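# Structural overview
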Amino acid sequence: MDYLDFIDAVQSLADGVLFGTTYALLGIGFTLIFGVMHKINLSYAAASIGAAYASLLVLAVMKAPPALVFLVAAAAGGVIGGVVYLIGFRFIPLANPLATLMSTVGLLLLIDEIIVHTTQGVPLNYPALFSDVIIRAGPFTLRGDLMFVFLIGCTCMAVLLTLLYRTRLGIATRAVSQQPTAAQLCGISVDNVNVLTFVITGVVGGIAGAMIGAAIGMLSPLLSLPLTVKGLVVTVIGGLGSIPGAIIAGLLVGGLENVFQFFRGVSERDLYIMLLLFVFLVFRPGGIFAAAPGRD
Amino acid sequence: MDFYLGLVQIIGVHTLLGLSAYCVLLTGQVSLAQAGFFAIGAYVAGMLTVLAGWPIVPALLVAAIVAGAMACAVGFPALRVKGLMLVVATVAFGEAVRLFFFNFNYQLERGGFHLGPHGGEGFRQIRYFPEHGWSTLEVMLFIWLVVVLVMAALWWMDHSRAGATFRAVGEDELAAQSSGINITAVKVSAMTIGGVIAGVGGGLFAHYTTHIEHVQFGVVLATFAVAYPILGGLSNVFGTLIAVIFIQGFLIEGLRFMGDWRNLLFGGLIVLAMNVRPRGLIDAGTVAAIRRFVLRCLGKGKERAGA
């Protein structure tokens with residue numbers, strides 16, 4: 001491999017890591033919901049894309065700056081998260097994991113179809129910020145819009161970590177995820193914590209959806225299934241319930257994905273990501289930050 | 001008429017797909033890999049009849065064996081994890097199979113045409129049925145013969161010791177383990193049986209559609225596969241059949257007059273069904289009620305006969 005190829009490989013790795021923040025955010029969402037409810041919400045990525053679509057409604061009404069569109073996406077994500085909890089989880093008995101799995105699949109299809117129905121399935125353009133800024137660092141270039149996406153993602157994670165580890169709400173959330181019965185005995189309302197978790201993860205998802213739209217430049221309902229798979233992969237590689245794990249795994253998957261694409265082409269790219277996941281499942285089923293397996 | 005026969009064919013093939021997931025679900029595992037085994041069966045059976053010129057029945061058998069062997073091989077590493085991890089592992093396997101066929105190119109020249117799987121374009125001209133002069137009705141009957149055989153075998157298994165073992169593992173792994181059941185063996189054999197059934201279903205699918213491509217075997221098909229048994233309930237094999245008829249016959253074909261709105265209703269109705277009947281459309285309670293009803297009717301008949 002000569003010098004130029006090496007430069008290109010490193011460049012695609014860097015671009016991938018920057019885009020990987022979106023995967024990290026989706027992974028955090030899956031992980032948080034799993035942590036609190038021990039349930040999978042398969043409709044999460046579709047809801048994120050749905051929130052990004054909803055934010056485009058603002059542009060239809062008035063000529064809003066892209067920053068406002070991002071904020072609206074976050075708000076819409078929160079609302080959708082609450083609705084998802086209400087119709088997909090609230091009235092289904094907790095002891096039956098299959099039923100909620102199925103109801104979230106139903107919601108995934110429903111959200112996808114609502115998007116297709118309102119947009120006639122045509123991909124829509126999404127506004128990006130700083131897309132004209134290009135930073136040159138030696139032989140490498142850093143795209144402004146990807147940098148912006150990366151910064152938003154990092155801010156989002158920082159806020160989320162503070163929320164979880166420095167506020168009363170965060171303590172309640174972690175208490176419910178560790179031991180729901182004991183948390184209830186301490187006067188924490190499990191229902192409220194569940195709703196709030198869904199709203200918070202929804203906000204994170206909305207931001208992730210907007211970031212994906214901004215990074216790719218458009219939105220399409222075809223994005224939701226691949227993103228669901230990627231989000232789940234990130235969740236598992238990072239370790240279930242581990243937020244730092246989800247962040248690292250998101251960046252890792254984003255970077256490796258681009259490197260595989262550079263060397264093997266776009267059609268084989270995801271194949272290697274799946275193999276990577278399988279390697280993790282076999283050799284390190286607890287994820288990156290799992291405690292060393294031992295006798296307990 | 002052919003339309004309805006075609007619908008009955010679709011229902012038959014999807015019933016096989018649902019039954020393959022049913023088998024795995026009995027042991028309490030959610031496997032989204034069934035679409036992958038289905039794809040393996042479809043491609044293997046298609047290649048055997050088109051490229052090697054085999055008759056359909058041995059091709060289906062080999063497809064079943066290959067898919068079953070694959071399921072067994074995947075079962076060992078995948079079943080070390082459970083719950084969400086298993087869902088993701090099996091999704092990953094299914095996607096890996098799909099992407100493999102997306103990149104799979106193996107064409108041979110047959111009668112002036114290049115036949116065989118051709119990457120993203122898929123695998124065309126699987127024309128075993130038309131070439132051998134099978135009518136739609138005959139194909140339909142053949143598919144349903146297979147479905148009936150599989151359902152009978154599963155019914156018998158459900159009522160034997162093996163079925164009790166499967167359900168014991170599904171209800172409570174710890175209790176099953178303490179009563180001396182080898183959990184890994186049970187799970188892997190359930191996975192293998194599921195793989196065999198999915199392989200047969202895939203082989204039939206390839207031959208009645210005559211054209212298969214990778215997009216057909218994605219995550220959506222995998223979720224459909226588990227949706228049938230979950231929606232229908234795990235109390236017996238007929239739940240799956242009824243769920244397939246409900247989804248394919250009513251939700252997909254029956255609501256066609258609603259145009260665009262049908263797809264919206266589809267997801268919504270699944271959510272509603274899960275809210276109203278979380279243990280499936282036909283759960284243990286329904287079965288018990290039907291049994292009581294039948295027994296009461298029989299009882300009355302006997303009384304009358306006695307009087």
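Refer to the structure printed above.
Remember, predicted model here, so these are calculated numbers, not experimental data.

### Observations concerning the overall build of chain A
Counting its secondary structure elements, chain A contains 11 helices and 4 strands. Taking 2.2 N^0.38 as the reference for a compact globule, 296 residues should give roughly 19 Å; the C-alpha atoms of chain A span a radius of gyration of 19 Å, in line with that estimate. Along the first, second and third principal axes, the C-alpha atoms of chain A reach 65 × 55 × 35 Å. Counting only residues that meet the buried cut, chain A has 51% of its 296 residues in that class. Taking the intrachain contacts of chain A between residues at least 6 apart in sequence as the baseline, contacts between residues at least 24 apart amount to 76%.

### Looking at the overall build of chain B
Counting secondary structure elements, chain B contains 13 helices and 2 strands. Scaling as 2.2 N^0.38, a compact globule of 307 residues should have a C-alpha radius of gyration of about 19 Å, and chain B matches this with 21 Å. By its C-alpha atoms, chain B is 75 × 50 × 40 Å across when sized along the principal axes. Here chain B holds 307 residues, and the buried ones make up 48% of them. Counting only contacts in chain B whose residues sit at least 6 apart along the sequence, the fraction spanning at least 24 positions is 77%.

### Things to note about the interface of chain A and chain B
A common measure of how large an interface is: the accessible area buried when the components associate. Listed as interface residues are 38 residues of chain A and, on the opposing side, 35 residues of chain B. Of all the secondary structure elements, the ones that give two or more residues to the side of chain A that touches chain B are α3 (66-88), α4 (97-119), α9 (224-238) and α11 (266-283) of chain A. With 13 residues, α4(A) is the single largest residue contributor to the side of chain A that touches chain B.

### Focus on unusual backbone geometry
A positive phi angle is found at A:His38, which is not glycine, with a value near 55 degrees. Mapped onto the fold, A:His38 is located in the loop between α1 (3-37) and α2 (44-61). Note on A:His38: 15 C-beta atoms within 10 Å, which makes it partly exposed. In the Ramachandran plot, B:Thr210 falls in the positive-phi region, its phi being about 65 degrees despite a non-glycine side chain. Relative to the helices and strands, B:Thr210 is located in the loop between α9 (183-209) and α10 (219-232).

### Some thoughts on the pairing of strand β3 (residues 140-143) of chain A
Note on strand geometry: in a regular strand, side chains alternate between the two faces of the sheet. Residue and element names in this part refer to chain A. As paired elements, strand β2 (residues 134-137) and β3 share 4 bridges and run antiparallel to each other. Along β3, the bridge assignment pairs Arg-136 with Thr-141. Counted between consecutive antiparallel strands, the loop separating β2 from β3 contains 2 residues, among which Gly-138 sits at a positive phi close to 60 degrees.

### Description of α1(A)
Each full turn of the α-helix corresponds to 3.6 residues, which orients residues three or four apart in the same direction. Residues and elements named next belong to chain A. The end-to-end C-alpha distance of α1 is 50 Å, a good match for the 51 Å that 35 residues give at a rise of 1.5 Å each. Considering bend angle alone, the principal kink of α1 is centred on Phe-19 and spans about 30 degrees. Of the residues one or two after α1, His-38 is the one with positive phi, at around 55 degrees.

### A look at the packing of α1(A) against α2(A)
Two numbers describe a pair of packed helices, the interaxial angle and the distance between the axes. Residues and elements named next belong to chain A. Look at α1 against α2: their axes get within 10 Å of each other, and the N-to-C directions meet at 130 degrees. Classified by the angle their axes make, α1 and α2 are oblique. Read as a crossing pair, α1 and α2 show a hand that is right-handed. Here α1 contributes Leu-26, Gly-29, Phe-30 and Ile-33 to the contact with α2, which in turn contributes Tyr-44, Ala-45 and Ser-48. Residue classes in the contact of α1 with α2 are distributed as 5 nonpolar, 2 polar and no charged.

### Some details on the environment of A:Ala45
Residues and elements named next belong to chain A. Positionally, Ala-45 belongs in helix α2. Counting along the chain gives 15 residues from Ala-45 to Phe-30, while the straight-line C-alpha distance between them is 8.9 Å. Excluding its chain neighbours within four sequence positions, the residues that come into contact with Ala-45 are Leu-26, Ser-224, Leu-227, Thr-228 and Gly-231.

What counts as what
Residues numbered from 1 in each chain as written. Chains lettered and ligands numbered in written order. Predicted model: local features only at pLDDT ≥ 70, side-chain atom pairs only at ≥ 80, totals over all residues. Helix = DSSP H or I, 4+ residues; strand = E, 2+ residues; numbered from the N terminus. Rg over C-alpha atoms; globule rule 2.2 N^0.38 Å. Buried ≥ 20, exposed ≤ 12 C-beta atoms within 10 Å, placed from the backbone. Contact = placed C-beta atoms within 7 Å. Pairing = 2+ DSSP bridges. Expected span 1.5 Å × (residues − 1). Bend = angle between axes of the 7 residues up to and from the residue. Axes fitted to C-alpha atoms, helices over the stretch in contact; angles between N-to-C directions. Parallel < 35°, antiparallel > 145°, perpendicular 65-115°, else oblique. Left-handed = near helix turned anticlockwise from the far one by under 90°. Nonpolar A, V, L, I, M, F, W, Y, C, P; charged D, E, K, R; others polar.

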